[in-house]
Amino acid sequence: MKEAVAGELSAAYDSAIVQKVRANDYRHETGRLTIHLAREFGFCYGVDRAVDYAYQARRRFPGRNVFLTGEIIHNPHVNDRLRDAGIRFLSDAGERRDTLGADDVVILPAFGVTVGEMAQLSLQGCTLVDTTCGSVLNVWKNVVRYAQDGFTAVIHGKVKHEETRATASQALKYPAGRYIVVLDHAEAGIVCDYIRGSGNRDVFLARFAGAMSPGFDPDRDLAHVGCANQTTMLMSESLEIGEMFHVAMRERYGEDHLAEHFRAFDTICSATQERQDAVLDPLGHERLDLMLVVGGYNSSNTCNLARICADHVRTYHIADPESMRSSNEIHHRPVGAPSTTMGREETTRDWLPASGPLVVGLTAGASTPNNIVGQVIQRLERFALEQPGGLPLEP
Ligand code: SF4
């Protein structure tokens with residue numbers, strides 16, 4: 001039904017302005033304003049496919065209840081449009097999983113669901129539309145292999161993120177399967193210190209409570225480890241963490257026995273990598289006054305794009321065009337804020353230089369559709385050029 005929904009998708013998510021900027025070598029100039037758009041931004045192939053399948057599922061099963069297990073992607077606009085199209089969210093208040101049955105259709109999101117959720121929905125006889133991204137499946141394949149061979153999966157990710165929970169559950173398919181989730185360098189360093197023999201068992205267990213497989217024993221379960229990652233993490237950090245474990249295991253077991261104790265595979269998602277690489281281009285070659293990064297505050301890959309930019313230039317991570325309230329007020333998520341403060345916003349005043357040439361870099365996370373990026377361009381243009389009333393926003 002791909003062709004049947006193509007028009008609907010295009011009307012909902014495409015943007016004429018974005019197409020124009022792309023055609024103009026990713027540059028948009030108007031008056032004193034120049035915008036440099038990253039060459040890779042917005043919907044990745046996995047999200048594109050998941051949204052497409054959701055619309056197709058709605059058409060394919062008319063008259064039946066069609067559910068999503070939760071947010072299809074971390075973008076409120078896309079989720080709300082799906083609700084408007086008649087798709088129900090099992091995560092919404094009042095929805096129940098236990099009453100689902102053979103008449104119900106359930107769409108699984110791009111970042112996948114846990115082994116337990118999948119088994120339960122199958123047991124209830126639901127028709128499943130699985131949009132799990134191939135790059136996520138690649139991570140799972142490696143985690144399963146680790147479990148089969150008695151290696152603990154060390155997952156660089158956010159322990160509460162749906163994808164990381166799904167990936168961790170893959171490790172438990174086999175009796176010898178174990179996992180531990182590390183968020184960043186600091187946590188990886190604690191685990192590496194333990195591998196080298198300098199950690200305290202009780203402190204370790206307290207620190208990683210909730211981030212390890214049930215019954216995790218660091219003295220037993222860190223003897224064989226394999227690295228994996230949540231696909232939307234900062235890729236440079238995933239690689240560095242992999243190297244930290246490589247070094248720690250080599251020091252602990254010696255080069256000759258390293259292969260018996262340590263494994264790593266490339267589980268980096270190319271779309272995430274491309275977006276993170278692409279943002280460095282305008283940062284490295286253009287004089288920017290500021291950078292705008294557009295995407296949901298709970299979108300891991302958007303937060304990481306903002307982290308990269310903030311190392312180079314004043315950066316605002318905004319959820320949508322309306323976050324730019326006026327030419328002197330912007331609402332944004334503080335870059336680098338811990339994931340426990342996902343929804344917290346800050347307000348900055350006088351964010352837009354009032355006169356003189358203005359050069360702005362722009363990118364968007366993998367869950368941000370082009371129409372939102374287009375609206376950001378229009379609104380920025382309006383404020384930069386101080387046109388009272390402004391231009392009409394794209395739908
Ligand atoms: S970010 Fe990568 S792994 Fe995640 S849905 Fe997009 S392409 Fe797939």
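Conventions we followed
- Sequence order sets the numbering: in each chain, residues are counted from 1 along the sequence as written.
- In keeping with the predicted nature of the model, local features appear solely for residues at pLDDT of at least 70, side-chain atom pairs appear and are counted solely at 80 or more, and the whole-chain, interface and lining totals rest on all residues.
- Calculation of side-chain values draws on the structure's entire complement of heavy atoms; hydrogens and water are dropped beforehand.
- By definition, any uninterrupted DSSP run of H or I lasting at least four residues is a helix, any uninterrupted run of E lasting at least two residues is a strand, and each is numbered from the N terminus.
- Under the scheme applied here, a residue whose accessible area is under 20% of the maximum for its type counts as buried, over 50% as exposed, and between as partly exposed, the area being computed with a 1.4 Å probe on protein chains only.
- Whether a residue is near a molecule or strand depends on its heavy atoms: it is near if one of them lies within 4 Å of it.
- For this analysis, residues touch if any pair of their heavy atoms sits within 4.5 Å.
- A pair is scored as a salt bridge if a Lys or Arg side-chain nitrogen falls within 4 Å of a carboxyl oxygen belonging to Asp or Glu.
- By convention a nonpolar core is built from buried Ala, Val, Leu, Ile, Met, Phe, Trp, Tyr and Cys residues, the set being connected through side-chain atoms within 4.5 Å.
- Identification of polar contacts relies on pairs of N or O atoms within 3.5 Å, with a donor-acceptor requirement for protein atoms, meaning one able to donate a hydrogen and the other able to accept it, and with residues adjacent in sequence counted only if both atoms are side-chain atoms.
- Known as pLDDT, the predictor's per-residue confidence is scaled from 0 to 100.
- The rule is short: rings of Phe, Tyr and Trp, with Trp giving its six-membered ring, pair when the centres are within 6.5 Å, and they are stacked under 30 degrees, edge-to-face over 60, tilted in between.
- Charge-over-ring placement is defined geometrically: NZ (Lys) or CZ (Arg) within 6 Å of the ring centre, and within 35 degrees of the ring normal.
- For two strands to count as paired, DSSP must find a minimum of two bridges between them.
- Only the stretch in contact is used when a helix axis is fitted, and all axes are lines through C-alpha atoms; the angle between N-to-C directions ranges over 0 to 180 degrees.
- If the strands point away from the viewer and the path from the first strand over the helix to the second runs clockwise, then the crossover is right-handed.

Phi at Tyr26 takes a positive value of approximately 65°, unusual for a residue other than glycine. With respect to the helices and strands, the residue Tyr26 is situated in the loop between helix H2 (16-23) and strand E1 (27-30). In this model, Asp350 sits at a positive phi of 50°, which is unusual for a non-glycine residue. Secondary-structure assignment places Asp350 in the loop between strand E15 (346-349) and strand E16 (358-364). Since its relative accessible area comes to 63%, Asp350 is described here as exposed.

Right, let's talk about the site of the ligand for a bit. Residues in close proximity to the ligand include Cys44, Tyr45, Gly46, Cys133, Ser135, Val136, Thr231, Thr232, Cys269, Ala271 and Thr272, which together make up its full environment. Mapped by element, the contributors of at least two residues to the shell around the ligand are helix H3 (45-60), helix H6 (134-148) and helix H13 (270-285).

Now for helix H7 (residues 162-171). Burial analysis of H7 places 8 of its 10 residues in the buried class, which makes it a mostly covered element. Along H7, the residues classified as buried are Glu163, Thr164, Ala166, Thr167, Ala168, Ser169, Gln170 and Ala171. Check the buried side of H7 and you find it contacts helix H5 (115-123), H6, strand E7 (152-156), strand E8 (178-182) and strand E9 (225-229).

Take the pattern of salt bridges next. For the structure shown, the criterion picks out 21 salt bridges. Arg178 is paired through a salt bridge with Asp221; the nearest N and O atoms lie 3.3 Å apart. One end of the pair, Arg178, is in strand E8; the other, Asp221, is in helix H10 (residues 218-221), with 43 residues separating them in the sequence. In this structure Asp221 comes out as buried when scored by relative accessible area, which is 6%. Here Glu255 and Arg250 are joined by a salt bridge, their closest N and O atoms 3.9 Å apart. Take Glu255: its relative accessible area is 52%, and that puts it in the exposed class.

Judged by nonpolar contacts, the single largest core of 33 residues is most densely connected at Ile180, Val191, Phe204, Phe208, Leu222 and Phe245. Broken down by secondary-structure element, the contributors of at least two residues to this core are H6, E7, H7, E8, helix H8 (185-196), E9 and helix H11 (235-253). Per-element accounting of this core gives the leading share, 5 residues, to H8. If sequence neighbours within four positions are ignored, Phe208 has contacts with Ile180, Val181, Val182, Glu187, Ile190 and Val191.

A word on the side chain of Thr114. Relative to the helices and strands, Thr114 is located in the loop between strand E5 (105-108) and H5. Reaching out from Thr114, the side chain makes a polar contact with the backbone nitrogen of Glu117 at a distance of 3.1 Å. Apart from the residues lying within four places of it in its own chain, the contact partners of Thr114 are Arg165, Ala166 and Ser169.

Let us now look at the confidence of the model for the protein chain. Confidence along the protein chain averages 92 in pLDDT terms, with 96% of residues attaining 70 or more. pLDDT under 50 marks residues 387-393. Its contacts with residues more than four places away, or in other chains, come to 10 contacts.

The subject of this paragraph is the packing of aromatic side chains. Aromatic rings considered in pairs are described by the distance between their centres and by the relative angle of their planes. With the rule as written, the count across this model stands at 6 aromatic pairs. Geometrically, the ring pair formed by Tyr13 and Phe43 is tilted, given 5.9 Å between the ring centres and 50° between the ring planes. Residue Tyr13 is found in helix H1 (residues 2-13), and its partner Phe43 is found in the loop between strand E2 (33-37) and H3; the two are separated by 30 residues along the sequence. Here Tyr13 and Phe43 have matching classes, each one buried. Pairing Phe204 with Phe208 gives two aromatic rings, centres 4.9 Å apart and planes at 40°, and the pair type is tilted. Here the two residues Phe204 and Phe208 agree in accessibility, since each one is buried. Among the aromatic residues, ring-to-ring pairing joins Tyr13, Phe43 and Tyr55 into one connected group. Residue placement shows Arg83 over the ring face of Phe89; its charged tip is 4.0 Å from the ring centre. Looking at Arg263, its charged tip hangs above the ring of Phe151, at a distance of 4.2 Å from the centre.

In this section: the sheet that holds E7. Taken together, 4 strands build an open sheet; the order of strands is E8-E7-E9-E10 and the sheet is parallel. Bordering the open sheet on either side are E8 and strand E10 (262-264), each of which pairs with just one other strand. Ignoring strand direction, the axes of neighbouring strands in this sheet form an average angle of 25°. The sheet contact formed by E7 and E8 spans 5 bridges and is parallel.

The next point concerns the pairing of strand E12 (residues 315-318). Judged by which residues are buried, E12 turns out to be covered on both faces: Thr315 and His317 on one side and Tyr316 and Ile318 on the other are all buried. Sheet topology places strand E11 (residues 290-294) next to E12; 4 bridges connect them, and they run parallel. Across the sheet, the residue bridging to Leu292 is Tyr316, located in E12. With helix H14 (residues 300-310) bridging E11 and the parallel E12, this β-α-β connection has right-handed handedness.

This paragraph deals with the sheet that holds E15. One key point about sheets: their strands pair by backbone hydrogen bonds, in either a parallel or an antiparallel sense. Pairing is antiparallel in the open sheet, where 3 strands are placed in the order E13-E14-E15. Each edge of the open sheet carries a strand with a single partner, namely strand E13 (324-326) and E15. Strand-to-strand twist of the sheet, defined as the mean angle between neighbouring strand axes without regard to direction, takes the value 20°. Pairing of strand E14 (residues 329-332) with E15, which is carried by 4 bridges, proceeds in the antiparallel orientation. What sits directly across from Ile330, in E15, is Thr348.

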